[in-house]
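One letter stands for each residue in the lines below.
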Amino acid sequence: MDSIQIRLRLARPEDGPDIWRWRNDPLSRQYSFNSDPIPLEPHLVWWAASLANLKRRTYILENELGEGLGSLRKDELETGEIELSWMIAPEHRGKGYGTILLRLGLAGETARCIALIKPENIASCRMVEKLGFSKREVGVYEWIGA
Ligand SMILES: CC(C)(COP(=O)(O)OP(=O)(O)OC[C@H]1O[C@@H](n2cnc3c(N)ncnc32)[C@H](O)[C@@H]1OP(=O)(O)O)[C@@H](O)C(=O)NCCC(=O)NCCS
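As the structure is a prediction and not an experimental result, all values here were calculated from the model.

Draft legend 1. Local environment of the overall build of the chain. When helices and strands are counted, the chain shows five helices and seven strands. Along the chain, helices and strands appear, N-terminal first, in the series β-α-α-α-β-β-β-α-β-α-β-β. Taking 2.2 N^0.38 as the reference for a compact globule, 146 residues should give roughly 15 Å; the C-alpha atoms of the chain span a radius of gyration of 15 Å, in line with that estimate. Seen along its three principal axes, the alpha-carbon backbone of the chain occupies a region of about 35 × 35 × 30 Å. When the accessible surface of the chain is split by element, carbon and sulfur atoms take 55% of a total near 8,300 Å². When the 20 positive and 21 negative side-chain charges of the chain are each reduced to one mean point, those points stand 3 Å apart.

This is the structure:
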């Protein structure tokens with residue numbers, strides 16, 4: 001895998017169907033705090049609102065062909081912290097992309113970040129451990145800068 005060819009860019013309206021597909025994958029649903037399957041139409045309404053939300057930034061990890069590999073969301077909380085959440089396209093899991101996504105997403109970030117991760121989500125727990133998060137409590141990890 002050549003990470004030099006990979007970039008993180010801001011999400012666009014046309015990313016909505018990819019996000020929908022990744023989000024409805026069984027593993028994503030299992031590790032999400034809302035595990036219900038989501039039909040496309042309400043998802044697209046939610047997606048438009050999500051892109052318009054000034055307290056939220058969503059990024060897409062893409063390869064040199066412009067193919068979407070995964071997404072990272074940053075939500076600004078009232079505490080000033082950023083809550084992070086992420087997913088990798090099912091067909092691209094287990095190739096190191098999740099780690100790259102989070103590393104790129106943290107580059108230049110100055111706010112304290114948190115991530116809520118179910119303890120059984122081993123891959124996400126590994127990602128945050130490798131990237132210097134500490135465990136605040138069960139299921140809550142925090143990152144206070146490089
Ligand atoms: C979690 C997720 C983003 C990981 O992405 P990924 O690209 O597969 O992760 P990586 O390949 O970078 O692997 C990260 C670490 O987890 C390990 N890992 C990957 N898949 C694993 C699995 N199924 N079981 C156990 N460990 C796993 C890797 O070995 C690596 O650890 P290492 O560096 O010690 O070898 C991806 O599985 C996913 O999208 N899951 C569904 C959505 C989700 O869980 N979102 C997070 C909610 S908080």
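Next comes the rest of the description.
Draft legend 2. Structural detail: the site of the ligand. Surveying the vicinity of the ligand reveals 21 residues, the closest of which are W86, G94, T99, R126 and K130. In the environment of the ligand, an oxygen atom lies 2.7 Å from a nitrogen or oxygen atom belonging to the backbone of I88. At 2.8 Å, a backbone N or O of G98 approaches an oxygen atom of the ligand. Protein coverage of the free-state accessible area of the ligand, which is 930 Å², stands at 72%. Structurally, the ligand is housed in the largest pocket. Of all elements in the fold, only helix 2 (26-31), strand 4 (82-88), helix 4 (97-106) and helix 5 (122-130) reach the threshold of two or more residues within the shell around the ligand. Here the element with the most residues in the shell around the ligand is helix 5; it accounts for six residues. Here the residues of the shell around the ligand are counted per class, giving 10 nonpolar, seven polar and four charged.

Draft legend 3. View of the packing of aromatic side chains. All chains considered together, the criterion is met by one aromatic pair. Residues W46 and W47 carry aromatic rings whose centres are separated by 6.1 Å and whose planes lie at 35 degrees to one another, so their mutual orientation is tilted. Residue classification places W47 among the buried positions, given a relative accessible area of 3%.

Draft legend 4. Region of the structure containing the nonpolar core. Of all hydrophobic cores here, the largest spans 25 residues; its most connected members are L84, W86, L102, L106 and F133. Of all the elements in the fold, those that place two or more residues in this core are strand 2 (56-62), strand 3 (68-76), strand 4, helix 4, strand 5 (113-116), helix 5 and strand 7 (140-143). When residues of this core are assigned to their parent elements, the largest contribution, five residues, is made by helix 4. Beyond its immediate chain neighbours, meaning those up to four positions away, L84 contacts R73, K74, L102, L106, C113, I114, A115 and F133. Of all hydrophobic cores here, the second largest spans seven residues; its members include I19, I60, M87 and A89.

Draft legend 5. Quick peek at the pattern of salt bridges. Overall, the coordinates contain 13 salt bridges when judged by the stated rule. Between E129 and R126 there is a salt bridge; the shortest N-O distance is 3.6 Å. Taken as a pair, E129 and R126 lie in helix 5 at a separation of three residues, close to a single helical turn. Judged by relative accessible area, which is 43%, R126 ranks as partly exposed. Via salt bridges that share partners, R7, R9, D15 and E62 belong to a single interconnected network.

Cut-offs and rules
Per chain, the residues get numbers from 1 upward, laid out in the order the sequence is written. This being a predicted model, a pLDDT of at least 70 is required before a residue's local features are given, and a value of 80 or more before pairs of side-chain atoms are given or counted; all residues contribute to the totals for chains, interfaces and linings. Hydrogens are left out, water is left out, and the side-chain values use all remaining heavy atoms of the structure. Think of it this way: any DSSP run of H or I at least four residues long counts as a helix, any run of E at least two long counts as a strand, and we number them from the N terminus. Every radius of gyration here is taken over C-alpha atoms, with the globule rule written as 2.2 Å times N^0.38, N being the number of residues. Values of accessible area rely on a 1.4 Å probe in the Shrake-Rupley scheme; residue burial ignores everything except the protein chains shown. When charges are counted, Lys and Arg are positive and Asp and Glu negative, with His and the chain ends excluded. The location of each charge is read from NZ of Lys, CZ of Arg, CG of Asp or CD of Glu. For this purpose, a residue is taken to be near a molecule or strand whenever a single non-hydrogen atom of the residue falls within 4 Å of it. The term polar contact refers here to a pair of N or O atoms within 3.5 Å; inside protein, the definition further demands a hydrogen-donor-capable atom paired with an acceptor-capable atom, and it admits residues adjacent in sequence only when both atoms are side-chain atoms. Lining residues are those with an atom within 4 Å of a point, where the points come from a 1 Å grid over the protein atoms alone and group into cavities, where a 1.4 Å probe fits but cannot get out, or pockets, open sets with protein on both sides within 12 Å along at least five of seven lines. Pocket occupancy is defined atom-wise: a molecule lies in a cavity or pocket when more than half of its atoms are within 2 Å of its grid points. All amino acids are sorted into three groups, where Ala, Val, Leu, Ile, Met, Phe, Trp, Tyr, Cys and Pro are nonpolar, Asp, Glu, Lys and Arg are charged, and the leftover types, Gly among them, are polar. Each Phe, Tyr or Trp ring, with Trp reduced to its six-membered ring, pairs with another whose centre is within 6.5 Å; inter-plane angles below 30 degrees give stacked pairs, above 60 give edge-to-face pairs, and intermediate values give tilted ones. For every residue, the accessible area (1.4 Å probe, protein chains only) is compared with the maximum for its type, and the residue is labelled buried under 20%, exposed over 50%, or partly exposed between those bounds. For the purposes of this section, nonpolar cores are sets of buried Ala, Val, Leu, Ile, Met, Phe, Trp, Tyr and Cys residues that join through side-chain atoms within 4.5 Å. What makes two residues a contact is simply this: any of their non-hydrogen atoms within 4.5 Å. A carboxyl oxygen of Asp or Glu within 4 Å of a side-chain nitrogen of Lys or Arg is what we treat as a salt bridge.

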